[in-house]
Amino acid sequence: GLNGHSVLQTEDDAALDTQSSLQLLEDPKSTDLRSEFGKFQQSPGLVSSSSSFSFTMFPTVDEMIVNQRLIEMSAQHPKDLVVIFVDTTYLETFGVWLDHYKHHDNSERILSIFAISEIAYDKVSAAFSSPTTQAKLRGVGETLLVNLNPGKGKDMRNADPDRFLNKLWVLRLHIMQRIINTFPNLNVLYTDADAIWLKDPVQLYNHPQHQSSNIVASRGTYPEWCPLAMELHDDEKMHLNTVTICFGFTYFRNSPDLHQLAQNLQNAVARYRNDDQIAINCVLNLQYDSNDDLHMNDPSSIAAFTQPDKSVIRSFFGKVIAHNIKVSILPYEQVTRRCGRDEGMLENSVVAHCYTDLKEGQSKLNAFDHFGFLIEGQNSLRHVFDNPELDTPIIASSSAPGTRASWEEAAYSLSLDRFWRHIKAATPEGDSIENSYYPDLKAQHQSTIGLRSTRLLNSVRIPKSGSSALSVTARALSGCHPDGYPCCKFPGHPVGSCPRKDLMCSLVTGCTDHRPDYDGDEAVITTLRDPVSRSVSAFFYHYPHTSVKHGESHTWEKFVENIQSPRFRNILTKMLSGSYSYVGFDEVKHTVPRAKARLCSIAWFGLSEMPVSSSMMLYETPQFRKLLPNPVAFGLQAADATAAEHAAEEKDGLRVNSDSEYKEFLATSFATNDGSSFVMQHNQHDMEVFQFGEKLFCGRLLAKIGLVEEMKQVGLGLEEIDKCASIGFDNIEELCYNIQNNA
């Protein structure tokens, strides 16, 4: 209670009483009441149910950092700040996590909940304000609730998943740095909401062998190109697995040395795709020295740095500013990922961070139920955040306020539905439907032709036009394994863009690079992008896509030089004419009619500006009509377990420009100098070919019987459909016939 007194209130009065407390705390005349509220007088608001639970609300991170109460709580002796991020999709998962957390001794901990959206913040604060819920929260102890996105109603995860993850990863590092710098007696423990504390994890990070470590972390394998150690996976085959820090459960012990590492991470994270897990492993791997004699490929050396309980402990030293970072990486037996892999795997587990194929709340709950983590009964916190009045509906549409994930799922679902209807209609009466379709081109060819290995698909990868995503689709259509990855040669160019060593696929022509090969008779697929945005994106990429060298600034003068160079002009026309993307432009060989004719002959091409319609048209293509739609072709997670794990825990190497220099260039130099007109002036061939491609694509989309009507019924791609309807075009197939005959 407040100063040890219980606050009794009904659920109906909870919100009103909370607001009254806020007003009293903010009223300068209420000095006596401020004294009565005592230790909480600096907090924007406080609700508490008993001496074993109290919580303070912070409308912003800034208000939390300067809070006097938090300073006082950590002033006398070190405490652990348990940091957890929640949004509306994981609130029920978080409730289960709380059911386990409250049964441990939390007297030396402060739970800090960072709400990723205003809705999540409102739901948690409403639940915690309820006396009924407060009675269930006994044992949770000191709790902070912080609003990460004040004023924003939608979850960032739903509004834009890519931006959500990038922002969250950067925020995690930024928040940790502010906390450890402001509160020298606070250690930080990052835990995911699905990392269930089966036992008190203090036994892990305060174990004698780890007490001198600055970081005590759960184990991962990503990023594979920046391992902090290796482990022997198979004694007979001497197969080695990478060992890295995983942020699913990580303890940071506060110290001046950790402050310096945090600053180094802040300085470097933009270079590592704004991914905190890549940043911390690559910074330690590449920017720090170590005087231990660890040879990554020597099993005997690796064994010397592995403790009896299979923990790995290493020390790293700053090269510029002298400081030491000691890292302990815990074994899977203690922080478990593959919970059901071996019988009895969870018996000794302290934290169960069980992997699931789908990364959404219900899948986590299903896993909790399967492994017996759900705690039922009147004191369960699983459902305390249910408050439909605070929900905001999400519309599955690319043109309305929907989510990227929702349109992808809706597109995949509609494509599956149309597929099964087509297969059933095409299966002769009396025949088995199982014999009428195939999972991929490889299975189809083996069944009908008997070929075991041949080139089945031709992927024409036009640079900075979604070519990496096209590569994922090509591998999925062809039957390359593992599923859900782009073709690439490890470790990729740039380094780190290729996550594995087994991703080249002989079934796909043009699996990598940007050199078209039209000599075979396999079906051709490609993606197009507006030449203006494609050119700017390439300018900010790396060699050979730009003339800007490493370390040079992206100035307007350099952009002019880049666009005027014959190498970087009319890339689309050159590649559709059969040439490497960055050869000099040849007016005789690289012609618009030849490029248009090639486009007419291509089995399927997508438009980067029309992702929904492009996805829907893929399995409507005659060459792929008998193939079961693969979720990865819609940007969803792979059904294959190996790929699914990669998609959940690793970045997939798909590359986009999102840094501040790129955005600043577009807003200043490019806009001031009418960059769009300048690019179009020097890429007239590409502009004509791309506009023809838009007409061809839209003509095929609108001619597909029933497809557009069904897309409209579920709210898919409405803006794209409207744009296609507004484009005037002749009979496309007749036009293609004339072009191909005259090319």
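Brief notes about the pairing of strand β5 (residues 141-147)
Counting buried residues in β5 gives 7 out of 7 residues, a clear majority hidden from the surface. Bridge analysis of strand β2 (residues 53-58) against β5 gives 6 bridges, and the strand direction is parallel. The residue of β5 that forms the bridge with T56 is L144. Bridging between strand β4 (residues 109-115) and β5 involves 5 bridges; their strand directions are parallel. From the neighbouring strand, A115 faces β5, where its bridge partner is N147.

A few points about the pairing of strand β13 (residues 324-329)
Pairing of strand β8 (residues 215-220) with β13, which is carried by 3 bridges, proceeds in the parallel orientation. The residue bridging I215 from the neighbouring strand is V327, located in β13. For strand β12 (residues 312-318) and β13, the ladder comprises 6 bridges, and the chain directions are antiparallel. Residue pairing across strands places V312 opposite I329, the latter belonging to β13.

So, the sheet that holds strand β14 (residues 335-336)
The strand order across the open sheet formed by 3 strands is β7-β15-β14, and the pairing between neighbours is mixed. Of all the strands in the sheet, just β7 (196-197) and β14 have a single pairing partner and so form its edges. Looking at chain direction, β14 and strand β15 (residues 351-352) are connected through 2 bridges and run parallel. If you follow V335 over to β15, its bridge partner there is V351.

Digging into the packing of helix α18 (residues 531-539) against helix α19 (residues 556-564)
Contact geometry for α18 and α19: axes closest at 11 Å, N-to-C directions at 115°. Between α18 and α19 lies a crossing whose hand is right-handed. Across the interface between the two elements, S535, V536 and F539 from α18 touch K558, F559, N562 and I563 from α19. Here the residues of the contact of α18 with α19 are counted per class, giving 4 nonpolar, 2 polar and 1 charged.

Details of the packing of aromatic side chains
Describing an aromatic ring pair means giving the distance of the ring centres and the angle of the ring planes. Tallied over the entire structure, the rule returns 38 aromatic pairs. Note on F94 and W97: the rings are 6.0 Å apart at their centroids and 20° apart in plane angle, and the pair reads as stacked. Highlighted residues: F94 and W97, both in helix α5 (residues 91-101), separated by 3 residues, approximately one helical turn. The pair formed by F94 and W97 is uniform in burial state, with each residue classed as buried. Through a chain of ring-to-ring contacts, three or more aromatic side chains come together here, namely F53, F55, F94, W97, Y101, F128, W197, F249 and F385. Over the ring of Y541 we find K464; its NZ or CZ atom is 4.0 Å from the centre of that ring.

With respect to the state of the cysteines
Scanning the model with the defined rule gives 7 disulfides in all. Two residues share a disulfide in this structure: C487 and C511, whose sulfurs sit 1.8 Å from each other. With the S-S dihedral at roughly -90°, the linkage between C487 and C511 falls on the left-handed side. Residue C487 is found in the loop between α17 (467-478) and β17 (508-509), and its partner C511 is found in the loop between β17 and β18 (523-528); the two are separated by 24 residues along the sequence. When its relative accessible area of 5% is taken as the criterion, C487 is described as buried.

A short note on the sheet that holds strand β16 (residues 457-460)
With respect to topology, 4 strands assemble into an open sheet ordered β17-β16-β18-β19, the strand pairing being parallel. Pairing within the sheet leaves two strands with one partner each, and these edge strands are β17 and β19 (604-607). Pairing between β18 and β19: 4 bridges, direction parallel. Bridging from a neighbouring strand, I525 pairs with W604 of β19. Where helix α26 (residues 684-703) meets the sheet, its contacts fall on β18 and β19, and the angle it forms with β19 comes to roughly 110°.

Let's talk about the pattern of salt bridges
Scanning the model with the defined rule gives 21 salt bridges in all. Here R382 and E376 are joined by a salt bridge, their closest N and O atoms 3.7 Å apart. When its relative accessible area of 18% is taken as the criterion, R382 is described as buried. A salt bridge links E710 to R421, with the shortest nitrogen-to-oxygen separation between them at 2.7 Å.

Conventions and cut-offs
Residues numbered from 1 in each chain as written. Predicted model: local features only at pLDDT ≥ 70, side-chain atom pairs only at ≥ 80, totals over all residues. Heavy atoms only, no water. Buried < 20%, exposed > 50% of the residue type's maximum accessible area, 1.4 Å probe, protein only. Helix = DSSP H or I, 4+ residues; strand = E, 2+ residues; numbered from the N terminus. Pairing = 2+ DSSP bridges. Axes fitted to C-alpha atoms, helices over the stretch in contact; angles between N-to-C directions. Left-handed = near helix turned anticlockwise from the far one by under 90°. Contact = heavy atoms within 4.5 Å. Nonpolar A, V, L, I, M, F, W, Y, C, P; charged D, E, K, R; others polar. Phe/Tyr/Trp six-rings, centres within 6.5 Å; stacked < 30°, edge-to-face > 60°. Lys NZ or Arg CZ within 6 Å of the ring centre and 35° of its normal. Disulfide = S-S within 2.5 Å. Salt bridge = Lys/Arg side-chain N within 4 Å of Asp/Glu carboxyl O.

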